[in-house]
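Chain by chain, the residues run as shown.
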Amino acid sequence: MNRFKTSKFKNTTPKIPKKDGWIANVRGGSFSSQGNHIKSSCSLVAFNTDQAGGGMIGLSSVNPGSDGKWIVTQIPCHADLVTDLDFSPFDDYLLATCSADETVKLWRVCDPDQDQPSSPEVTLSPGDGRLEIVLFHPTTSGLIAVASTRGVQVWDTTRDSALRVLEQHADQLQGLAWKEDGSLLASSCKDKKLRIFDPRAQPSAVQCAQGLQGNKDSRILWIKDDNLITTGFNQVRQQEVRLWDRRKLSSSLSSLSLATSNATLMPLFDPDSGLFIVSGNGESVIDCFEVTASEPFLSQVSHCLTDASTRGVALVPKLALDVRVCEILRVMQFTDNFIVPISYQVPRKAGQDFHADLFPDTIGHTPAMAADDWWKGENKQVERVSLHPNKRPKPNTASAKEMSPKDLPRGKSKEEASTSSSPLSTPSSSATPSRSPSSTSGLSSGFLPSPSPIQSSRAIQNMLGPSSKFRHIQGSVLHRDSHITNLRGLHLTTPGECDGFCANRQRVAVPLAIAGGQIAVFELSQPGKLPDTALPTVQNSVNVADFCWDPFNTYKLVVAGDDAKIRVWHIPKGGLKETLTEPECILQGHTEKIYSIKFHPHASSLLASSSYDLTVRLWNLETGEEIKRLSGHQDQIFGMAWSPDGKLLATVCKDGKVRLYNPRGSTLPVQEGPGPEGQRGARVVWVCDGKYLLVSGFDCRSERQLYLFSTDSLASGCVATAPADVSPSTLIPFYDPDTSVLILTGKGDTRVYIYEIVPEAPYFMECSSFHSSEPHKGLCFLPKTECDVRDVEVARAIRLSKTTIEPLAFRVPRVRKEFFQDDVFPDTAVWWESSLTVTDWLSGSNGQHRKISLRPKDMMPVSEAPKEAPVRKYLPSSVYLEEKTDEQKKEELLSAMVAKLGNREDPLPQESYEGVDEDEWDD
């Protein structure tokens with residue numbers, strides 16, 4: 001090519017629509033993953049959203065509706081951040097997502113105005129840690145590549161295991177791309193190397209070369225033939241684009257330096273036009289280059305300055321472009337609050353002629369082969385189709401409006417379902433559809449359609465295992481009007497055995513970093529900004545080790561200090577008006593610093609405390625006397641918890657043991673078993689009506705783990721475990737016995753884990769996590785009566801951050817909120833009322849809390865609600881086929897003409913104009 005030859009794309013202009021042409025109601029954010037955070041098919045655009053901790057995705061249409069507006073909907077997908085997503089090249093409604101929860105899910109999504117699926121069609125578990133990238137194969141149906149932190153796997157979605165597990169990278173994998181014909185995979189890595197894999201030949205790389213100069217984030221793309229493009233950083237930290245020839249990886253063909261910036265470049269490539277789009281994450285610039293096979297290789301076409309910073313970019317497939325206005329590219333720019341469709345148009349005479357030089361044939365929607373054929377070594381290209389408006393493939397007779405994607409058989413694109421020439425068999429093409437031997441489930445060719453939707457859902461449920469009704473639980477911070485702000489001088493280094501702060505339904509107590517172990521008390525009924533002046537406090541005179549409110553007296557605060565003493569304080573009604581220096585009473589008996597204190601769940605004034613003297617002591621707050629001393633621990637006591645009936649006390653210890661005590665009997669443990677191996681800290685809580693103990697601790701590699709023990713046989717070890725993540729803080733558990741929901745977080749964490757605990761396998765059913773933008777000190781949960789049951793709020797917490805105290809609500813998304821959701825709100829125990837005294841408990845009595853209903857009087861239980869009548873979405877065909885008489889047609893035509901002409905008696909516009917006075921005319 002002559003380097004001075006003029007390009008047909010040289011005048012390509014990016015056109016940004018006005019703000020009313022943007023997709024609104026988008027909640028983007030700064031997502032930490034290797035994906036582009038947005039992908040587009042010919043019909044839909046899917047994107048990350050910061051809702052539910054990033055575990056949800058947003059969905060909208062590529063083109064606006066008839067009113068010029070877009071509908072945006074959300075789909076709860078994963079229990080953790082969705083790290084990447086990809087649409088099938090052969091099905092506009094087949095979406096793959098991968099997540100930090102280590103799963104890949106395939107979804108049969110619908111148009112945004114329809115009900116979205118509640119569960120995926122296929123779930124894959126590569127078992128290689130956090131997943132970063134998911135890519136559909138460019139020529140083969142049912143085939144995907146999945147990348148984790150260091151590894152890559154190739155999966156046939158109809159199988160239970162990977163077709164190929166590629167060799168692990170030496171460092172973090174940053175980019176992954178299929179070659180256009182699907183024969184090779186290329187990757188970029190933090191170790192600055194480019195690798196080329198042939199997954200069908202061997203698991204190790206067939207080529208490996210030093211390709212990048214910087215080890216910061218890089219991306220890689222295959223372009224035409226054997227050429228690749230990488231984006232990254234050079235040695236002087238400038239953004240850099242490099243062009244490579246796979247046959248000569250020793251050096252790049254061309255390189256181009258952009259701005260000096262820390263923003264990760266996100267590349268896109270259109271093989272039909274040879275145009276290359278690149279934008280930096282967090283920047284408001286989108287550059288377009290033309291890639292050629294000879295010098296200058298990379299020539300700039302446009303430099304687009306956008307109105308908002310970019311969070312992600314995606315190309316709309318060519319079949320969705322408007323060729324009438326010479327639109328050669330459309331880039332969907334993902335920002336914090338909008339998706340901006342940027343149209344790249346070549347200035348040509350539009351509307352009449354089809355410019356074939358701008359629009360060569362593009363890849364169609366029919367896969368070239370099945371996964372089995374590809375794995376056996378076949379290489380086929382996807383059949384190309386014309387972009388000429390009169391030559392494009394005809395739309396299906398059953399359009400997306402007439403047949404929703406979830407009504408289609410699994411594994412079939414809309415085009416496949418109606419095209420008899422497709423290599424895939426369809427139910428209509430043969431009386432006895434063939435079935436591939438490996439097709440047992442998932443999205444594949446050659447399948448038998450499900451007899452009924454109920455049987456299909458049951459089959460999917462059996463394949464994926466049980467799921468929790470709380471799996472889509474959503475945490476959200478309540479309105480700022482309910483916050484307590486301007487909190488200053490918070491003590492951030494309380495002992496690991498302390499929850500960090502404590503709250504009841506009326507007030508919250510927080511430790512301050514002031515000498516003398518001072519604690520501030522704030523009334524929840526008095527939110528707002530705290531004054532800059534000094535606040536009245538509770539002065540303990542020594543450092544605070546642990547503190548908690550009396551569950552049966554919202555005015556009584558109990559504080560354990562470093563001096564081995566326990567102080568009992570009475571907070572006056574209405575809150576602190578002056579500093580308190582004299583406690584009601586002081587409990588003395590421990591010889592070493594106290595670890596933690598716990599109130600009995602039924603007996604008033606009964607307190608348990610653990611100490612560095614390796615004992616657990618029971619106290620009667622009414623008399624101030626020690627009533628029992630439990631021994632048997634060999635090391636530091638990390639945590640303790642009373643059983644729901646108050647008969648037993650469980651402890652977890654640094655010596656690696658979990659113990660059960662019967663405090664009214666022996667002073668030694670009645671049961672003992674192996675606990676967490678790690679020695680960094682642990683907590684214990686009773687779950688499943690006291691049948692199991694849940695311990696949050698660390699394993700031998702100092703990774704946080706959850707352990708479940710049967711209280712009938714502690715010696716046999718844990719019955720189930722669930723991994724969490726790597727963090728120095730111990731996960732503090734809260735368990736709701738009404739719903740069996742377990743909520744955990746650590747001091748200094750930004751994530752709140754949520755599980756439903758069941759007394760049989762799989763024991764742990766993970767639900768959506770809640771993510772906060774800033775680290776929090778911890779959570780304290782309030783009684784169920786504080787929850788808004790009308791909004792299906794199943795838990796209400798108080799969150800403490802460095803400067804604020806915020807209410808946090810956990811809600812279950814439900815449709816018929818006008819009814820009381822009695823399946824998630826059973827009668828709740830009134831645990832804030834005592835059921836016996838210390839004397840009664842010591843004499844052998846066992847208390848039981850009374851229960852109350854949370855149902856408002858004006859709400860009907862959903863279990864008794866009338867069933868909704870099915871709503872017909874479309875009018876019957878008779879409406880459209882109804883014949884009109886000649887008189888009706890004449891009447892309609894006459895009415896339309898009159899409406900267009902208007903009323904002849906209306907005044908003319910010029911009659912409303914004002915003239916000038918006679919004396920103003922010049923003579």
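What counts as what
Residues numbered from 1 in each chain as written. Predicted model: local features only at pLDDT ≥ 70, side-chain atom pairs only at ≥ 80, totals over all residues. Heavy atoms only, no water. Helix = DSSP H or I, 4+ residues; strand = E, 2+ residues; numbered from the N terminus. Contact = heavy atoms within 4.5 Å. Areas by Shrake-Rupley, 256 points an atom, 1.4 Å probe, with all protein chains shown as cover. Salt bridge = Lys/Arg side-chain N within 4 Å of Asp/Glu carboxyl O. Buried < 20%, exposed > 50% of the residue type's maximum accessible area, 1.4 Å probe, protein only. pLDDT = per-residue confidence, 0-100. Pairing = 2+ DSSP bridges. Axes fitted to C-alpha atoms, helices over the stretch in contact; angles between N-to-C directions. Disulfide = S-S within 2.5 Å. Phe/Tyr/Trp six-rings, centres within 6.5 Å; stacked < 30°, edge-to-face > 60°. Lys NZ or Arg CZ within 6 Å of the ring centre and 35° of its normal.

Caption draft 1: Structural view of the overall build of the chain. Of regular secondary structure, the chain possesses 6 helices and 65 strands. Across the chain, contacts joining residues at least 24 apart in sequence account for 53% of those joining residues at least 6 apart. Carbon and sulfur atoms make up 48% of the accessible area of the chain, which totals about 41800 Å².

Caption draft 2: Structural context of the pattern of salt bridges. Evaluated as defined, the whole model comprises 43 salt bridges. Its salt-bridge partner being Arg799, residue Glu806 comes within 2.4 Å of it at the nearest N-O pair. With respect to burial, Glu806 and Arg799 carry one shared label: buried. Across the pair Arg814 and Asp823 runs a salt bridge whose closest N-O atoms are separated by 2.8 Å. On the basis of relative accessible area, Arg814 is assigned to the partly exposed category, the value being 22%. Given a relative accessible area of 37%, Asp823 falls into the partly exposed group. Because the salt bridges share partners, they merge into one network encompassing Lys179, Asp226, Asp245, Arg246 and Arg247.

Caption draft 3: Looking closely at the confidence of the model for the chain. Here the chain shows a mean pLDDT of 84. Residues at 70 or above account for 87%. Low pLDDT (under 50) marks residues 396-463, which in the prediction has 117 contacts with non-local residues, meaning those over four places away or in another chain.

Caption draft 4: Structural context of the environment of Gln588. By the element assignment, Gln588 lies in strand 43 (residues 585-588). Accessibility expressed as a relative area gives 52% for Gln588, which makes it exposed. Separated by 38 residues in the primary sequence, Gln588 and Glu626 place their C-alpha atoms 8.2 Å from one another. Beyond its immediate chain neighbours, meaning those up to four positions away, Gln588 contacts Lys565 and Trp619.

Caption draft 5: Structural detail: the environment of Leu329. Tracing the backbone through its elements, the reader meets Leu329 in strand 28 (residues 327-334). In this structure Leu329 comes out as buried when scored by relative accessible area, which is 2%. Each C-alpha atom, one on Leu329 and one on Ile277, is 9.7 Å from the other, the two residues being 52 residues apart in sequence. Excluding its chain neighbours within four sequence positions, the residues that come into contact with Leu329 are Asp270, Ser273, Leu275, Ile277, Leu315, Leu321, Ile342, Ser343 and Tyr344.

Caption draft 6: Structural detail: the sheet that holds strand 14 (residues 164-165). The 4 strands are arranged 10-12-13-14 in an open sheet whose pairing can be described as antiparallel. Unpaired on one side and paired on the other, strand 10 (131-136) and strand 14 mark the two borders of the sheet.

Caption draft 7: Region of interest: the sheet that holds strand 4 (residues 56-61). Within the open sheet, the 4 strands sit side by side as 2-3-4-5. Their pairing is antiparallel. Each edge of the open sheet carries a strand with a single partner, namely strand 2 (38-40) and strand 5 (73-76). For this sheet, the mean inter-axis angle between neighbouring strands, taken without regard to orientation, is 25 degrees. As defined by bridge partners, strand 4 adjoins strand 5 across 4 bridges and the pair is classed as antiparallel. Residue Leu59 lies in a different strand from strand 5, and its bridge partner there is Thr73.

Caption draft 8: A look at the state of the cysteines. Enumeration over the complete set of coordinates arrives at 0 disulfides. The closest cysteine sulfur to the non-disulfide-bonded Cys498 is located on Cys502, 7.9 Å from its own sulfur. Cys780 forms no disulfide, and the closest cysteine sulfur to it belongs to Cys502, at a distance of 6.3 Å.

Caption draft 9: Focus on unusual backbone geometry. Cis geometry is found at the peptide bond from Glu295 to Pro296, where omega equals 5 degrees. By the secondary structure assignment, Pro296 is in the loop between strand 25 (285-291) and strand 26 (298-305). Here the bond from Ala761 into Pro762 is cis, since omega is 10 degrees, no more than 30 degrees from zero. Note on placement: Pro762 falls in the loop between strand 58 (751-757) and strand 59 (764-766). Of note, Ser541 is a non-glycine position whose phi angle comes to about 70 degrees, a positive value. Mapped onto the elements, Ser541 comes out in the loop between strand 39 (538-539) and strand 40 (544-550).

Caption draft 10: Highlighting the pairing of strand 13 (residues 152-156). Of all 5 residues that make up strand 13, 5 are buried, and the element is covered over most of its length. The alternating pattern of strand 13 places Val152, Val154 and Asp156 and Gln153 and Trp155 on opposite faces, both of which are buried. Sheet topology note: the strand 12 (residues 143-148)/strand 13 ladder contains 5 bridges and is antiparallel. Looking across to strand 13, one finds that Ile144 is bridged to Trp155. Strand direction decides the pairing type here: strand 13 and strand 14, joined by 2 bridges, are antiparallel. Residue pairing across strands places Val154 opposite Arg164, the latter belonging to strand 14.

Caption draft 11: Highlighting the environment of Val301. Mapped onto the fold, Val301 is located in strand 26. For the pair Val301 and Phe289, spaced 12 residues apart in the sequence, the C-alpha separation amounts to 5.1 Å.

Caption draft 12: A look at the pairing of strand 40. Most of strand 40 is tucked away: 7 of the 7 residues are buried. Two strands pair when backbone bridges link them, and strand 40 and strand 41 (residues 553-561) are joined in this way by 6 bridges, in the antiparallel orientation. Bridge pairing in strand 41 places Asp546 opposite Ala560. In this antiparallel pair of consecutive strands, strand 40 and strand 41, the connection spans 2 residues.

Caption draft 13: Region of the structure containing the side chain of Gln821. Along the polypeptide, Gln821 turns up in the loop between strand 63 (805-811) and strand 64 (828-829). In contact with Gln821, other than residues within four places in its own chain, are Val792, Arg814, Arg816 and Val862.

Caption draft 14: Summary view of the packing of aromatic side chains. Applying the stated criterion to the full structure yields 15 aromatic pairs. Measuring from centroid to centroid gives 6.0 Å for Trp642 and Trp841, while their planes differ by 90 degrees, and the two rings are edge-to-face. In this pair, Trp642 sits in strand 48 (residues 637-642) while Trp841 sits in helix 4 (residues 838-842), placing the two residues 199 residues apart along the sequence. A residue is classified by how much of its surface remains accessible, and Trp841, at 1% relative accessible area, is buried. Ring pairs connect the aromatic residues Phe734, Phe770, Phe781 and Phe810, which therefore count as one cluster. The ring of Phe233 carries the charged tip of Lys216 above its face, separated from the ring centre by 4.6 Å. Directly above the ring of Phe698 sits Arg680, whose terminal nitrogen or CZ lies 5.4 Å from the centroid.

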